[in-house]
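# Breakdown of the fold
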Amino acid sequence: MADELDLLHTADPVPADGPHFGDGPLDHTAERHLNRLLHDHRPGRRTWARPRLLWGLAAAAVVTATTLTVLLGGSSGAPAVAAPRPLTVRAHSTAVPLAQVAELAAVAATDGSPALRRGTHVQSWSLAMSDDRPPVTLPEERVVRWRADDTHTEVVVATDPDHAGRPVLTDTGRVEDGHVLSRQTFPPMWGDAPPLSTPPHDPAKLRAYLTDLIHSDTLTTPELLDATVELLDNWTLGARESAALADLLAEAKGLRPAGQVTDRLGRTGQAYVLDAGTGGRRMLILDPATGAVLGLETTFTRDEPEYGVRAGDVMEYRAWLR
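Since the structure is predicted, the reported quantities are computational estimates derived from the model, not experimental observations.

Along the protein, the regular secondary structure elements total seven helices and 11 strands. Burial statistics for the protein: of 322 residues in total, 46% are counted as buried. Here the analysis covers contacts within the protein between residues at least 6 apart in sequence; of these, 62% occur between residues at least 24 apart. A total accessible area of about 15900 Å² is found for the protein, and carbon and sulfur atoms account for 54% of it.

Below, the structure is given as structure tokens:
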């Protein structure tokens, strides 16, 4: 026993010359995992009964408070909630089955173009709620781009509450409009586990990847949507990966074809609705020709008087760009 203790005492789990993460701020993925550990009942599953802030950016409290005051107006009393209207399915539009989308995506992926790309460009909106404060919102847009040396940059801007949905960040991180919340460059990062490892384009292998990504044992349909969010917040899928994901979604239970919808970036897609049964309805939007995921919206299905929200209000949405 003494020898074993001596070995433990002298062990250096983080040698100075080890190829590990250097000291520095957490990246967006690490921040989300930390938030889950602090607030969720189990890893990889959101708690809809008591929705919490789902920022893509963990900004400093004073910066966030200042930005909210600028964007939402007012420094005292209840701030205005610049809530977007929920997306609506076009009346009398044709609802395309997911199986058909998966077939079309497989055909579109034959030549492998476009290719998988590390990084993301996402526009999001979240409703932040707490027990002692009125709801507040912060629309934001984030571009993450990786370099060949495994470093990456992340630019986050807060968009105006009434902004029309157009991208305000270029793929290079140049700001066309909006208020810059964060502009960071991260040291080299690599790993053999999701989301750092490359997502596969084989459906069975992608299922295993997503299961590992959110630490799930079963990958239920709600968990599959959670995993999709996590995946697309780290990678811009290529045609083959989108086809593989469409194949998994086609096998998922509970996703109901709803019809055609125009997303917040003006793109036409097919909507698939999941009634989660925990106070939230999730609408997944796909490009019917390629299977690419365009967005995901969650709305309340019942009133939540303690938070001042009603059935039909938007809880959060994300729209991914290529």
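With that out of the way, let us pick up the pattern of salt bridges. Counted under the stated rule, the structure contains 10 salt bridges. D275 is the partner of R256 in a salt bridge, and the nearest nitrogen-oxygen pair spans 3.9 Å. Placement of the pair is R256 in strand 7 (residues 256-262) and D275 in strand 8 (residues 268-275), with a sequence separation of 19 residues. The network of salt bridges with common partners includes R142, E154, D233 and R318.

Cis rather than trans, the peptide bond between S113 and P114 has omega equal to 0 degrees. In the segment running from P194 into P195, the intervening peptide bond is cis, with an omega of 0 degrees. Mapped onto the elements of the fold, P195 is located in the loop between strand 5 (179-186) and helix 5 (203-213). Positioned with a positive phi, H92 is a non-glycine residue whose angle comes to about 65 degrees. Among the secondary structure elements, H92 is positioned in the loop between helix 3 (61-72) and helix 4 (98-108). The exposed category is assigned to H92, whose relative accessible area is 84%. Residue D150 is not a glycine yet carries a positive backbone phi of 70 degrees.

Before going further, it helps to spend a moment on the nonpolar core. Counting residues in hydrophobic clusters, the biggest one holds 31 residues, and the most contacted among them are L210, L249 and L286. Sorting the residues of this core by element identifies helix 4, helix 5, helix 6 (221-232), helix 7 (239-251), strand 8, strand 9 (280-286) and strand 10 (293-300) as the ones contributing at least two each. Looking at which element gives the most residues to this core, the answer is helix 6, with six residues. If you look at the next biggest cluster of nonpolar residues, it comprises eight residues, including L127, F300, V314 and Y317.

Quick notes on the rules
Residues numbered from 1 in each chain as written. Predicted model: local features only at pLDDT ≥ 70, side-chain atom pairs only at ≥ 80, totals over all residues. Heavy atoms only, no water. Helix = DSSP H or I, 4+ residues; strand = E, 2+ residues; numbered from the N terminus. Buried < 20%, exposed > 50% of the residue type's maximum accessible area, 1.4 Å probe, protein only. Contact = heavy atoms within 4.5 Å. Areas by Shrake-Rupley, 256 points an atom, 1.4 Å probe, with all protein chains shown as cover. Salt bridge = Lys/Arg side-chain N within 4 Å of Asp/Glu carboxyl O. Core = buried A, V, L, I, M, F, W, Y, C linked by side-chain atoms within 4.5 Å.

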